[in-house]
6 protein chains.
Amino acid sequence: MTPIFFLFAFLLSTINSHVAARDFCVADLRSVETSVGYPCKLPNTVTVDDFIFSNFTVGTPNQFNFSVTLAIVDNFPALNGLGFSMARIELEEGAIVPMHTHADATEVVVAGSGPGKYTTGFISSDNMVYIKTLVEGDIMVIPKGLLHFGFNAGEGKASGMAVFSSEKPSTQLLNVALFGNTLDSTIVEKTTFLDAEQVKKLKALFKGSG
Amino acid sequence: MTPIFFLFAFLLSTINSHVAARDFCVADLRSVETSVGYPCKLPNTVTVDDFIFSNFTVGTPNQFNFSVTLAIVDNFPALNGLGFSMARIELEEGAIVPMHTHADATEVVVAGSGPGKYTTGFISSDNMVYIKTLVEGDIMVIPKGLLHFGFNAGEGKASGMAVFSSEKPSTQLLNVALFGNTLDSTIVEKTTFLDAEQVKKLKALFKGSG
Amino acid sequence: MTPIFFLFAFLLSTINSHVAARDFCVADLRSVETSVGYPCKLPNTVTVDDFIFSNFTVGTPNQFNFSVTLAIVDNFPALNGLGFSMARIELEEGAIVPMHTHADATEVVVAGSGPGKYTTGFISSDNMVYIKTLVEGDIMVIPKGLLHFGFNAGEGKASGMAVFSSEKPSTQLLNVALFGNTLDSTIVEKTTFLDAEQVKKLKALFKGSG
Amino acid sequence: MTPIFFLFAFLLSTINSHVAARDFCVADLRSVETSVGYPCKLPNTVTVDDFIFSNFTVGTPNQFNFSVTLAIVDNFPALNGLGFSMARIELEEGAIVPMHTHADATEVVVAGSGPGKYTTGFISSDNMVYIKTLVEGDIMVIPKGLLHFGFNAGEGKASGMAVFSSEKPSTQLLNVALFGNTLDSTIVEKTTFLDAEQVKKLKALFKGSG
Amino acid sequence: MTPIFFLFAFLLSTINSHVAARDFCVADLRSVETSVGYPCKLPNTVTVDDFIFSNFTVGTPNQFNFSVTLAIVDNFPALNGLGFSMARIELEEGAIVPMHTHADATEVVVAGSGPGKYTTGFISSDNMVYIKTLVEGDIMVIPKGLLHFGFNAGEGKASGMAVFSSEKPSTQLLNVALFGNTLDSTIVEKTTFLDAEQVKKLKALFKGSG
Amino acid sequence: MTPIFFLFAFLLSTINSHVAARDFCVADLRSVETSVGYPCKLPNTVTVDDFIFSNFTVGTPNQFNFSVTLAIVDNFPALNGLGFSMARIELEEGAIVPMHTHADATEVVVAGSGPGKYTTGFISSDNMVYIKTLVEGDIMVIPKGLLHFGFNAGEGKASGMAVFSSEKPSTQLLNVALFGNTLDSTIVEKTTFLDAEQVKKLKALFKGSG
């Protein structure tokens with residue numbers, strides 16, 4: 001049978017020598033990114049642990065009383081090139097997820113166990129409001145790049161998972177973008193129609209200057 | 001202020017008249033598919049419910065003692081064009097997920113609560129075995145097109161969720177493909193090196209003819 | 001020479017019979033869209049005029065004292081499948097382009113003749129402010145999905161052209177999204193941290209209800 | 001065993017009901033094209049013959065003493081969405097393949113049996129000449145969109161196969177494009193620097209008017 | 001309020017640490033290209049000036065009496081991954097843009113101010129001639145890979161801008177490709193049907209050898 | 001005429017300085033891969049030989065009495081980014097191509113000269129069997145990721161060529177994946193329903209352990 005063994009050795013060496021790099025392309029995070037992701041780790045350095053992400057569990061709540069645990073290409077290199085990533089979300093009672101956008105990532109929210117109620121909504125670019133209070137077993141799609149928000153509309157905790165149509169989604173929090181940086185107050189005022197006092201108040205709250 | 005109202009009416013009519021179709025493209029399932037998905041439902045017929053999938057819950061176990069509940073473009077049209085879909089999985093004690101492949105879909109398994117233990121593994125095309133017993137909070141990536149399998153290695157139920165890198169993943173179950181159709185037994189034997197009796201036995205089990 | 005004539009007739013019929021549909025795919029706007037654009041007009045119905053867009057000229061200024069003339073797939077079907085579109089912009093003295101985003105479209109602004117000065121800026125998702133006063137011969141790239149704005153910082157008119165990395169860019173105007181629809185005021189307040197009075201005032205200004 | 005049979009019936013109905021359309025997307029040629037190909041034939045109407053193309057054999061030589069037999073999506077619908085197509089080529093002794101381009105298709109030439117010698121060359125856009133006389137067992141890549149040509153440099157027939165990086169490659173024959181249509185002679189002269197007489201002579205040869 | 005400040009610091013560090021690389025991917029021109037562009041400059045080295053291209057102005061006319069000023073990824077790295085680039089064109093009276101192709105780039109010409117008249121045309125691969133004399137406010141689409149040309153058909157200068165569906169378009173000038181290199185004259189003659197004398201004359205004009 | 005020469009020198013330097021990298025992207029195999037292929041060789045180091053692959057000829061038969069000669073990106077770098085590759089196949093009388101899959105690569109088989117008869121078949125994920133005995137001039141498409149097989153059904157040799165919709169196709173041989181590695185026998189048994197003895201026999205044959 002040795003011949004057959006050699007045959008396969010031969011077949012594998014000709015057909016499959018580099019093929020792991022095409023079965024998968026685990027990100028080499030020490031390398032520089034391209035517009036389509038990271039270069040691949042050398043196949044012969046990849047082990048089963050490269051395909052495992054641990055502690056995708058509930059994190060500690062933030063000031064808004066919700067926690068987000070992300071599994072994206074930067075902490076889970078096996079997602080490189082896949083075009084999606086995930087987040088585990090838990091909303092304490094009264095939690096608010098402020099108005100924000102994900103540039104170029106659609107978000108799919110999978111509602112988990114309650115008793116809280118995860119309410120989420122988005123506004124389309126033709127200015128329709130799409131809002132829903134989700135219960136366990138509901139999934140909601142939030143199209144990419146649109147303003148959206150959420151809050152816990154019930155009593156007790158609400159939990160969920162999100163899938164993003166990007167292995168490295170970005171988040172732009174409206175208040176931080178408007179009030180948490182050096183953008184000149186007069187520019188904020190004239191491009192948002194907000195009153196000077198309102199801008200001043202939120203600049204203070206979000207530690208913006210200018 | 002009416003002028004401003006009209007202004008925006010004007011802006012929206014020029015800029016956004018069709019834009020909903022670009023914010024999202026909810027599948028029109030009555031229409032024929034292309035190699036990149038379904039045509040879009042007319043934006044003005046889309047409501048919030050098009051973005052909602054309900055009953056993404058645990059299904060009834062099959063003969064292998066596991067249940068799969070799918071949310072794919074064919075039952076959740078809002079996934080059209082997104083390039084991923086989801087499944088909720090529950091493994092009873094002793095459950096076995098037979099050897100299978102998903103042509104062109106990577107699977108990402110998110111292990112849920114136990115007490116059972118979800119063991120899953122795949123074989124790469126350079127013939128390495130990648131196997132892991134997952135606990136809650138573990139995620140495992142199973143690269144597209146490769147043979148993989150799973151089973152409940154613990155006591156009590158194991159649960160999980162899967163994300164597929166296709167909005168319409170297909171599944172090829174090895175035993176059904178080899179033994180559950182009209183493929184001639186002599187062809188099965190010579191292309192798999194299985195003994196005639198073994199083939200005959202499994203043809204009977206999986207209701208194949210030929 | 002007739003034989004050669006026939007030869008080419010033959011060659012063209014075998015090689016090129018449908019090929020116009022691959023040289024170009026002019027949108028059939030009466031047909032339904034897919035997530036990658038419109039089906040193609042039948043090649044034999046396409047004429048030179050299908051490749052021409054006229055009146056890409058300065059439009060009438062709106063309440064903000066700027067005009068936008070768009071050439072996108074919906075009014076210029078030859079852009080179908082190209083992945084970009086264009087706009088001609090003119091800012092009167094004092095013009096303001098309110099804070100907005102283009103979901104999934106990068107915008108490249110080409111500054112035209114003054115004497116006005118086109119100032120534009122964007123905020124990245126890691127909260128840096130990128131702002132520049134452009135002069136004729138300057139081009140600025142505004143990455144997709146990010147909040148950005150503009151105004152005429154000089155005396156007299158400012159003009160420019162924009163190229164979008166989408167044949168059908170959408171625009172979400174912040175104020176219209178927050179205050180110009182049915183989104184409940186209390187939700188606006190808690191997800192934006194704006195004061196109730198500010199919200200009420202802008203709801204009135206932008207004709208929102210709720 | 002019936003239960004297991006039902007199980008698979010169940011599994012297949014939930015998992016695979018439409019899946020054939022994702023295993024493959026055979027073109028429905030009666031339907032209109034999109035910029036990414038044809039819509040799919042309904043899976044339940046697809047048979048093994050849809051995956052078969054017959055008579056990919058040597059055709060009758062044309063006036064240039066070569067024959068081309070094409071297998072492209074328009075006569076082999078199973079190539080839909082694959083992004084490549086094929087041609088069988090035979091060059092009689094003395095055959096010439098005139099200067100031409102394939103817009104957006106790279107051509108890969110696989111030299112077949114002689115005794116003739118297939119010489120082919122292309123000119124890159126930085127104006128380098130890449131030319132080679134191929135023998136059986138040689139493959140040459142001709143990058144997309146570039147001017148290229150071929151001829152039989154040996155004695156006896158030369159044969160080959162070509163693969164194009166498009167399921168529907170187009171061909172622009174230089175002489176036909178310049179001299180075989182209604183393009184005004186004075187325009188040809190000033191944009192090609194050819195003498196009026198040369199243009200007149202070739203307009204006559206290629207049956208152009210104007 | 002410090003807690004909220006820390007909250008955002010935390011949020012940004014978890015969610016956005018690398019995100020700039022996904023908001024944009026400014027080309028690192030010192031790095032080697034891939035088939036999809038350049039690797040990204042490290043986000044923390046990117047400034048507003050990386051998004052600005054200056055001097056997109058009229059250049060000095062060449063021997064054909066036209067000037068081309070290019071803004072492509074190689075001199076404007078912010079275009080990396082965008083899939084388009086731009087050119088500013090000015091045609092002196094009598095200017096001729098010789099017959100040429102752009103491999104794999106569609107060109108969209110935006111006619112600027114006259115008084116000259118920009119006439120441009122292309123030939124499709126099914127050998128139709130599409131020609132038009134443009135006036136200010138006209139846009140014309142020239143499909144990728146096809147032979148096209150232009151000239152100033154009026155009195156006085158004509159100006160325009162072009163957008164290419166490639167961040168790095170290439171140009172193949174017909175005369176340079178045929179007569180400005182080492183391609184053997186006898187090969188040019190037999191693959192173009194041009195007379196030996198015509199070839200000799202143009203080889204001399206365009207400094208070709210062979 | 002020197003001025004014109006300089007003109008083109010100028011034109012080429014401005015327009016085409018790097019363009020070769022966009023005409024083509026020959027793989028630099030010493031560099032690390034990305035999920036979309038290899039970085040490009042520096043254009044100025046590319047010669048005509050980079051576009052040539054030699055010895056695409058019949059190889060020596062293996063234990064199954066067939067030979068495979070591959071032309072893929074790893075031994076023919078000019079295929080980088082093209083998305084397809086090729087193989088030359090020869091089946092001796094009685095040859096068997098064992099059951100296998102190509103993850104994410106469709107295979108197109110072009111039947112060559114006999115007298116042998118190349119029979120090939122695949123099983124779709126909705127469990128239909130598609131099988132055909134090919135004769136010279138037949139082409140068959142085998143959709144990506146599906147189990148397929150072949151054998152020589154005639155007398156004498158059968159030959160063919162294959163095109164894969166991947167520049168680096170991988171192959172998973174069913175028997176090697178199940179029996180030629182360290183996968184535990186009890187796992188093989190319960191996930192394939194094969195008898196322990198059958199597994200033991202094939203583990204021995206394919207040199208698997210565990």
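Sequence order as written defines residue numbering, which begins from 1 separately in each chain. Chains and ligands are labelled by the order in which they are written, letters from A for the one and numbers from 1 for the other. Only residues with pLDDT of at least 70 are given local features in this predicted model, and only at 80 or more are side-chain atom pairs given and counted; all residues enter the totals for whole chains, interfaces and linings. The basis for every side-chain value is the complete set of heavy atoms in the structure, and neither hydrogens nor water enter the calculation.

The name given to chain A in an unreviewed UniProt entry is Germin-like protein, with Lupinus luteus as the source organism. UniProt positions are given in the numbering used here, feature names are shortened, and annotations may be inferred rather than shown by experiment. Here chain A is described in UniProt, under the heading Subcellular location (unreviewed entry), as follows: "Secreted, Extracellular space, Apoplast".

**Some words on the UniProt feature "binding site: Mn(2+)" (unreviewed entry) in chain A**
Residues and elements named next belong to chain A. Under the feature "binding site: Mn(2+)" (unreviewed entry), the UniProt entry names His 100, His 102, Glu 107 and His 148. These annotated residues cover 49 residues of sequence, but their C-alpha atoms sit close together, with the largest distance between any two at 11.8 Å. The helix count covers DSSP runs of H or I at least four residues long, the strand count covers runs of E at least two residues long, and both are numbered beginning at the N terminus. By the element assignment, His 102 lies in the loop between strand 4 (96–101) and strand 5 (107–111). Note on definitions: a residue-residue contact is assigned when non-hydrogen atoms from the two residues lie within 4.5 Å. Among all residues touching His 102, those that are not within four sequence positions of it are Glu 107, Lys 144, Gly 145, His 148, Phe 164, Ser 170 and Thr 171. Secondary-structure assignment places His 148 in strand 9 (residues 148–152). For His 148, a relative accessible area of 3% gives the class buried. Note on exposure labels: buried denotes an accessible area under 20% of the residue type's maximum, exposed denotes more than 50%, and partly exposed covers the range between, all computed with a 1.4 Å probe on protein chains only.

**Let's talk about the interface of chain F and chain B**
In this complex, chain F contributes 43 residues to the contact, which on the side of chain B involves 43 residues. Buried area, as used here, totals the accessible surface that two parts lose on assembly, with accessibility defined by a 1.4 Å probe and the loss added over both. Looking only at chain F, the three residues that lose the most surface to chain B are Gln 172, Thr 191 and Phe 193 of chain F, adding up to 16% of its buried area. For salt bridges, the criterion is a side-chain nitrogen of Lys or Arg within 4 Å of an Asp or Glu carboxyl oxygen. If you look at where chain F meets chain B, you find four salt bridges. Note that Asp 104 of chain F is salt-bridged to Lys 144 of chain B, the shortest N-O span being 3.7 Å. In the analysis that follows, any N or O atom pair within 3.5 Å is treated as a polar contact, provided that within protein one partner can donate a hydrogen and the other can accept it, and provided that, for residues neighboring in sequence, both atoms belong to side chains. For the pair chain F and chain B, the interface holds 16 residue pairs in polar contact (both at pLDDT 80 or more). Of all the secondary-structure elements, those providing two or more residues to the side of chain F that touches chain B are strand 4 (96–101), strand 7 (129–134), strand 9 (148–152), helix 3 (174–179), helix 4 (185–192) and helix 5 (196–205) of chain F.

**Observations regarding the environment of Ser 54 of chain E**
Relative to the helices and strands, Ser 54 of chain E resides in the loop between strand 1 (52–53) and strand 2 (66–71). Take Ser 54 of chain E: its relative accessible area is 37%, and that puts it in the partly exposed class. A distance of 3.2 Å separates polar atoms of two side chains, one belonging to Ser 54 of chain E and the other to Asp 138 of chain C.

**Quick word on the pairing of strand 10 (residues 158–164) of chain D**
Residues and elements named next belong to chain D. Of all the seven residues making up strand 10, seven are buried; the element is thus mostly covered by neighbouring parts of the structure. Paired strands, in this sense, are two strands between which DSSP finds at least two bridges. By the bridge criterion, seven bridges tie strand 3 (residues 85–91) to strand 10 in an arrangement that is antiparallel. Residue pairing in the sheet places Leu 91 in a bridge with Ala 158 of strand 10. Of the strand pairs in this sheet, strand 5 (residues 107–111) and strand 10 are connected by five bridges, and their pairing is antiparallel. Within the sheet, the bridge partner assigned to Glu 107 lies in strand 10 and is Phe 164.

**With respect to the sheet that holds strand 6 (residues 118–123) of chain B**
The five strands lie next to each other as 7-6-9-4-11 (chain B), forming an open sheet whose pairing is antiparallel. The sheet is open, and its two borders are formed by strand 7 (129–134) and strand 11 (172–173) of chain B, each paired with just one other strand. In this sheet, strand 7 of chain B lies alongside strand 6 of chain B in antiparallel orientation, the contact comprising six bridges. Bridge pairing in strand 7 of chain B links Thr 119 of chain B to Thr 133 of chain B. Here helix 4 of chain F sits on the sheet in contact with strand 4 (96–101), strand 7 and strand 9 (148–152) of chain B, set at roughly 85° to strand 4 of chain B. Inter-axis angles, ranging from 0 to 180 degrees, are taken between N-to-C directions of lines fitted to C-alpha atoms, where helices are fitted over the stretch in contact.

**Brief notes about the packing of helix 4 (residues 185–192) of chain D against helix 5 (residues 196–205) of chain D**
Residue and element names in this part refer to chain D. Contact pair helix 4 / helix 5: the axes reach a minimum separation of 10 Å and the direction vectors enclose 125°. Of the possible angle classes, the one that applies to helix 4 and helix 5 is oblique. The handedness of the crossing between helix 4 and helix 5 comes out as right-handed. The residues of helix 5 that touch helix 4, namely those facing Ser 185, Val 188 and Glu 189, are Ala 196, Val 199 and Lys 203. Here the contact of helix 4 with helix 5 is composed, by residue class, of three nonpolar, one polar and two charged. When an angle is under 35 degrees it counts as roughly parallel; over 145 it counts as roughly antiparallel; between 65 and 115 it counts as roughly perpendicular; any other value is oblique. For a crossing to be left-handed, the near helix must be turned anticlockwise from the far one by less than a right angle; the clockwise case is right-handed. Under the grouping applied here, Gly and all other residues not named as nonpolar or charged are polar, the nonpolar ones being Ala, Val, Leu, Ile, Met, Phe, Trp, Tyr, Cys and Pro and the charged ones Asp, Glu, Lys and Arg.

**Remarks on the sheet that holds strand 7 (residues 129–134) of chain C**
Across a sheet, strands are paired by hydrogen bonds formed along the backbone, either parallel or antiparallel in direction. Strand order in the open sheet formed by five strands is 7-6-9-4-11 (chain C), and the pairing between neighbours is antiparallel. What marks the edges here is a single partner per strand, and that holds for strand 7 and strand 11 (172–173) of chain C. Docked against the sheet, helix 4 (residues 185–192) of chain A engages strand 4 (96–101), strand 7 and strand 9 (148–152) of chain C, running at close to 85° with respect to strand 4 of chain C.

**Structural notes on the relation of the copies chain B and chain A**
Note on the copies: chain B fits chain A at an RMSD of 0.0 Å, the axial shift is 0.0 Å, and the rotation between them is 180°. Here the copies are linked by what is in effect a two-fold axis. Taken together, the interface assignments show that 98% of the residues at the interface of chain B recur at the interface of chain A, consistent with an identical surface on both copies. The superposition of copies rests on a least-squares fit of C-alpha positions from residues with pLDDT of 70 or more in both.

**Remarks on the relation of the copies chain F and chain B**
Superposing chain F onto chain B takes a rotation of 180° plus a shift of 0.0 Å along the axis, which leaves an RMSD of 0.0 Å. The fraction of interface residues of chain F whose copies in chain B are also interface residues reaches 100%, indicating that both copies meet through the same surface.

**Section: the packing of aromatic side chains**
Pairing of aromatic rings covers Phe, Tyr and Trp, the last counted by its six-membered ring, and requires centre-to-centre distances within 6.5 Å; plane angles under 30 degrees mean stacked, over 60 mean edge-to-face, and any other angle means tilted. Here the structure, examined in full by the defined rule, presents 69 aromatic pairs over all chains. Each ring, one from Phe 24 of chain E and one from Phe 51 of chain E, has its centre 4.9 Å from the other, and the planes form 80°; the classification is edge-to-face. Separated by 27 residues along the polypeptide, Phe 24 of chain E in the loop between helix 2 (20–23) and strand 1 and Phe 51 of chain E in the loop between helix 2 and strand 1 bring together distant segments of the chain. Looking at Phe 24 of chain E, the relative accessible area reads 9%, which means it is buried. A relative accessible area of 1% places Phe 51 of chain E in the buried class. Any Lys NZ or Arg CZ found within 6 Å of a ring centre and within 35 degrees of that ring's normal is scored as a charge over the ring. Here the guanidinium or amino end of Lys 190 of chain D rests over the ring plane of Phe 151 of chain E, the centre of that ring lying 3.9 Å away.

**Looking at helix 4 of chain F**
Residue and element names in this part refer to chain F. Of the residues making up helix 4, those classed as buried are Ser 185, Ile 187, Val 188, Thr 191 and Thr 192. All buried residues of helix 4 lie within an arc of 160° about the axis, which places them on one face of the element. Positive phi appears at Phe 193, one or two residues downstream of helix 4, with a value of about 65°. Note that the arc is computed from the directions linking the helix axis to the C-beta atoms.

**A short note on the interface of chain B and chain A**
The interface of chain B with chain A comprises 47 residues on the first partner and 47 residues on the second. At the boundary of chain B with chain A, total buried surface from both sides reaches about 3800 Å², with 68% on carbon and sulfur atoms. In this structure, the connection of chain B to chain A is made through two salt bridges. Where Lys 132 of chain B meets Asp 49 of chain A, a salt bridge forms, and the shortest distance between an N and an O atom there is 3.3 Å. Counting across the chain B and chain A interface gives 14 residue pairs in polar contact (both at pLDDT 80 or more). Of all elements in the fold, only helix 1 (2–16), helix 2 (20–23), strand 1 (52–53), strand 5 (107–111), strand 7, strand 8 (139–142) and strand 10 (158–164) of chain B reach the threshold of two or more residues within the side of chain B that touches chain A. Among the elements that take part in the side of chain B that touches chain A, strand 7 of chain B stands out by supplying four residues, more than any other. Across the side of chain B that touches chain A, the residue classes break down as 31 nonpolar, 10 polar and six charged. Bridge count for strand 1 (residues 52–53) of chain A against strand 8 of chain B is two bridges, and the pairing is antiparallel. Note that in strand 8 of chain B the partner of Phe 53 of chain A across the bridge is Ile 139 of chain B.

**Considerations on helix 5 of chain D**
Residues and elements named next belong to chain D. Within helix 5, the full set of buried residues consists of Gln 198, Val 199, Leu 202, Lys 203 and Leu 205. Taken end-on, helix 5 shows its buried residues confined to a sector of 160°, consistent with a single buried face. Turned more than 90 degrees away from the buried face of helix 5, the exposed residues are Glu 197 and Lys 200. Directly beyond the C-terminal end of helix 5, a positive phi value near 60° is found at Lys 207.

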